[in-house]
Amino acid sequence: MVDVTEKEMDNPTFSSDTVLSDVHLHCPNKRHLMVRLNAVGQPVFLSYFKFLWNREDLASEKHVREVTTGREHQNRSGELCDKDRSNLKKERELNSEGVEALLDADGDLEVVRRPRSASDLEAEDLLRDIVCPVILMKGREDAFEDEEQECTCSDVVKIEHTMATPLEDVGKQVWRAAFLLADYILFKRDTFRCCSVLELGGGTGITSIIMGTVAKRVYCTDVGGDLLAMCERNVALNKHLMEPEGGEVKVKELDWLKDEFCTDPEVPYSWSEEEIADLHDHCSVIMAADVFYDDDLTDALFRTLHRITHNLRNSCTVYLALEKRLNFTLRHMDVTCEAYSHFRNNLNDLENLQDREIKYTVEPIKVDFCQFLIYERIEQL
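Predicted, not measured: the structure shown is a model, and the values here were computed from it. (Residues numbered from 1 in each chain as written. Predicted model: local features only at pLDDT ≥ 70, side-chain atom pairs only at ≥ 80, totals over all residues. Heavy atoms only, no water.)

Notes on the confidence of the model for the protein
Detail in the predicted coordinates should be disregarded across regions flagged by low pLDDT. Residue-level pLDDT values for the protein average 77, and 65% of them are 70 or greater. A low-confidence stretch, residues 61-81 stays under pLDDT 50, and its non-local contacts, those more than four residues away or across chains, total 46 contacts. Confidence drops under a pLDDT of 50 for residues 111-116, and excluding neighbours within four residues, the segment shows 10 contacts in the predicted structure. (pLDDT = per-residue confidence, 0-100. Contact = heavy atoms within 4.5 Å.)

Looking at the packing of helix H11 (residues 295-311) against helix H12 (residues 338-351)
Taken N-terminus to C-terminus, the directions of H11 and H12 make an angle of 20°; their axes are 10 Å apart at the nearest point. Overall, the two elements H11 and H12 adopt an arrangement that is roughly parallel. Viewed along their axes, H11 and H12 form a crossing whose handedness is right-handed. Counted together, Asp295, Thr298, Asp299 and Phe302 of H11 and Glu338, Ala339, His342, Phe343, Asn346, Leu347 and Leu350 of H12 form the full contact between these two elements. The class makeup of the residues in the contact of H11 with H12 is 5 nonpolar, 3 polar and 3 charged. (Axes fitted to C-alpha atoms, helices over the stretch in contact; angles between N-to-C directions. Helix = DSSP H or I, 4+ residues; strand = E, 2+ residues; numbered from the N terminus. Parallel < 35°, antiparallel > 145°, perpendicular 65-115°, else oblique. Left-handed = near helix turned anticlockwise from the far one by under 90°. Nonpolar A, V, L, I, M, F, W, Y, C, P; charged D, E, K, R; others polar.)

A few points about unusual backbone geometry
Located in the positive-phi region is cysteine 194, a residue other than glycine, with phi close to 65°. Mapped onto the secondary structure, cysteine 194 falls in the loop between helix H6 (189-192) and strand E8 (196-199). The exposure class of cysteine 194 is exposed, given its relative accessible area of 58%. Positive phi outside glycine occurs at aspartate 290, with the angle close to 50°. Within the fold, aspartate 290 resides in the loop between strand E11 (283-289) and H11. (Buried < 20%, exposed > 50% of the residue type's maximum accessible area, 1.4 Å probe, protein only.)

Quick notes on the packing of aromatic side chains
Overall, the coordinates contain 13 aromatic pairs when judged by the stated rule. Measuring from centroid to centroid gives 6.3 Å for tyrosine 184 and phenylalanine 192, while their planes differ by 75°, and the two rings are edge-to-face. By relative accessible area, tyrosine 184 is classed as buried at 13%. Grouping aromatic residues by their ring pairs yields a cluster made of Tyr184, Phe187, Phe192, Tyr319 and Phe369. Sitting over the face of the ring of phenylalanine 261, arginine 307 holds its NZ or CZ atom 5.7 Å from the ring centroid. (Phe/Tyr/Trp six-rings, centres within 6.5 Å; stacked < 30°, edge-to-face > 60°. Lys NZ or Arg CZ within 6 Å of the ring centre and 35° of its normal.)

Examining the pairing of strand E5 (residues 43-50)
Here E5 lies mainly inside the structure; 7 of its 8 residues are buried. Here strand E4 (residues 36-37) pairs with E5 via 2 bridges, running antiparallel. The partner of leucine 37 across the bridge, within E5, is proline 43. Linking E4 back to E5 in an antiparallel pair, the connection comprises 5 residues, with glycine 41 at a positive phi of about 80°. Of the pairings in the sheet, the one linking E5 to strand E6 (residues 156-161) comprises 6 bridges and is antiparallel in character. Pairing of phenylalanine 49 across the sheet is with valine 157, part of E6. (Pairing = 2+ DSSP bridges.)

Regarding the sheet that holds E5
Strands belonging to one sheet form pairs held by backbone hydrogen bonds; the direction of such a pair is parallel or antiparallel. If you walk across this open sheet you meet the 3 strands as E4-E5-E6, and the pairing is antiparallel. Edge positions in the sheet fall to E4 and E6, since each has one partner strand and no second. Contacts from helix H8 (residues 225-237) reach E5 and E6 within the one sheet, and its direction differs from that of E6 by about 160°.

Section: the sheet that holds E11
With respect to topology, 5 strands assemble into an open sheet ordered E10-E9-E8-E11-E12, the strand pairing being parallel. The open sheet has two edge strands with one neighbour each: strand E10 (248-253) and strand E12 (317-321). Strand-to-strand, the axes of this sheet are offset by a mean angle of 20°, without reference to chain direction. Taken together, the 5 bridges between E11 and E12 define a ladder with parallel strand orientation. Residue alanine 289 lies in a different strand from E12, and its bridge partner there is alanine 321. Strand contacts of H8: strand E9 (217-222) and E10, with the helix running at about 175° to E10, the strand carrying the most contacts.

Focus on the environment of alanine 215
With respect to the helices, strands and loops of the structure, alanine 215 is situated in the loop between helix H7 (206-212) and E9. For alanine 215, a relative accessible area of 0% gives the class buried. Separated by 19 residues in the primary sequence, alanine 215 and serine 196 have C-alpha atoms spaced 6.4 Å apart. Setting aside chain neighbours within four positions, we find alanine 215 in contact with Phe192, Cys194, Cys195, Val197 and Gly247.

Details of helix H10 (residues 273-282)
Buried residues of H10: Glu275, Ile276, Asp278, Leu279 and His280, and no others. The inward-facing, buried residues of H10 contact E8, E9, E10, E11 and H11.

Brief notes about the pattern of salt bridges
It is possible for side chains of opposite charge to pair when their charged atoms get near one another. Within this structure, the stated rule accounts for 18 salt bridges. Of the charged contacts, one joins aspartate 169 and lysine 172 as a salt bridge, the two residues approaching to 3.8 Å between their closest N and O atoms. Since its relative accessible area comes to 4%, lysine 172 is described here as buried. A salt bridge links arginine 176 to glutamate 323, with the nearest nitrogen and oxygen atoms 3.1 Å apart. Residue arginine 176 is located in helix H5 (residues 176-187), and its partner glutamate 323 is located in the loop between E12 and strand E13 (327-329); the two are separated by 147 residues in the primary sequence. (Salt bridge = Lys/Arg side-chain N within 4 Å of Asp/Glu carboxyl O.)

See the structure below:
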C-alpha cells in the first residue's frame, strides 16, 4: 500500500507491513505514477529494463560474440572481455618493468585497478539511477509511446509490477536474482537454445521472457490468479523479443504445496494433459530466482523439484539464483541469514539423497560473466 501525499509526491512512503524490492528504490525527484490498480487494489507500474547492448546484435549467430563497439562477448566461462585483457596486459607490463613504471611523467603514483567486467564499464556513468518506473497516466493506451522513441523495441524489456507488497505477494515485484539468472541465460544462450524449460516461482515473468528469446518453449509457473494475469500481460508486452527465435512462453499455475498439476479446465492457467506430457517428455532445464525467503516454501519447492525431476524422461539441469540477505534477529542477537542457511541445508540434503533412480549433483556458478541488463550486481547475489 502506497501512502503518497500531494506535497511529497517525490518521496512516497510505504507502510511497515510491506516489502519493497531494492530494484525499485526510487530515484530522487522522480514521480512514480501507477498504470492501473490490479484486482486486489495494488498500484501497478510499468518499467523499462534496458539491455547494455542492442539485442539485434545478439539475435544473429554471427554476432553472438561481439557488439557494435567492437568489444567481444565471451560465451565460455572464465574468459575475459577485451578491456579486461588490456588491463591484464598492462598489469603484466608493470610487473616486468619494475617500480618505476608505477610513476607517471610528473612522478605521481599510478595505481592499476583490477580488471573490470563489462558491466562496470558500461554502467560506470549511471551512478545509482539504475532503474526508474516510467511515468504513465492511468487509462492511456499509448502512454509509453514517447518513451519508445528513446528505447527501441530491441533493447528494453517492459515489465508491469508492483513497488511494494505484503510478504505473500512479493512475486509481483522484480528482484535482482531474476536479472542475474537472465544475464546467465544471455551469456550461455547456446546452452539453452531450443530447450524446453520450466520456471518455478516466475513472478512477473522477466526471467522466462529472457529465456523465451533463446529456448523453444518455457513454462512460467507461479500461484495466484492476479499474479499470473500480470505475468501473462508481461509476456504479451515482450512478445516481439521472442518472435525472432520462435520462442514460446506459457503461463501456468503450479502450487508447490500440492502434489499434482492443476488440470481443471475451469481454473485459469491450468494444465492440459498434453502440456504435462510435453513437460515430462522434453523438459531439460528448470530454473528459479529469488524464491528462497520462507522456510516452509523452500521445503515445498525442494519437494516439488524432487517430484518433477523423477517424472522427466531426460536428465535435467536446475539453475537456482538468489540474493543472500542478512538480517538482525532478536533470537540470535546477531546478523544472520537464516533463509539462506535453510536453503543450503535443503540443497545439501538433495545432493546427499540416497535414491536408486536419480542422483543429484550440485555445482556453484561463478558470478563473473558479462552483464547484459542494467541493474546493480551486488556481491550478495
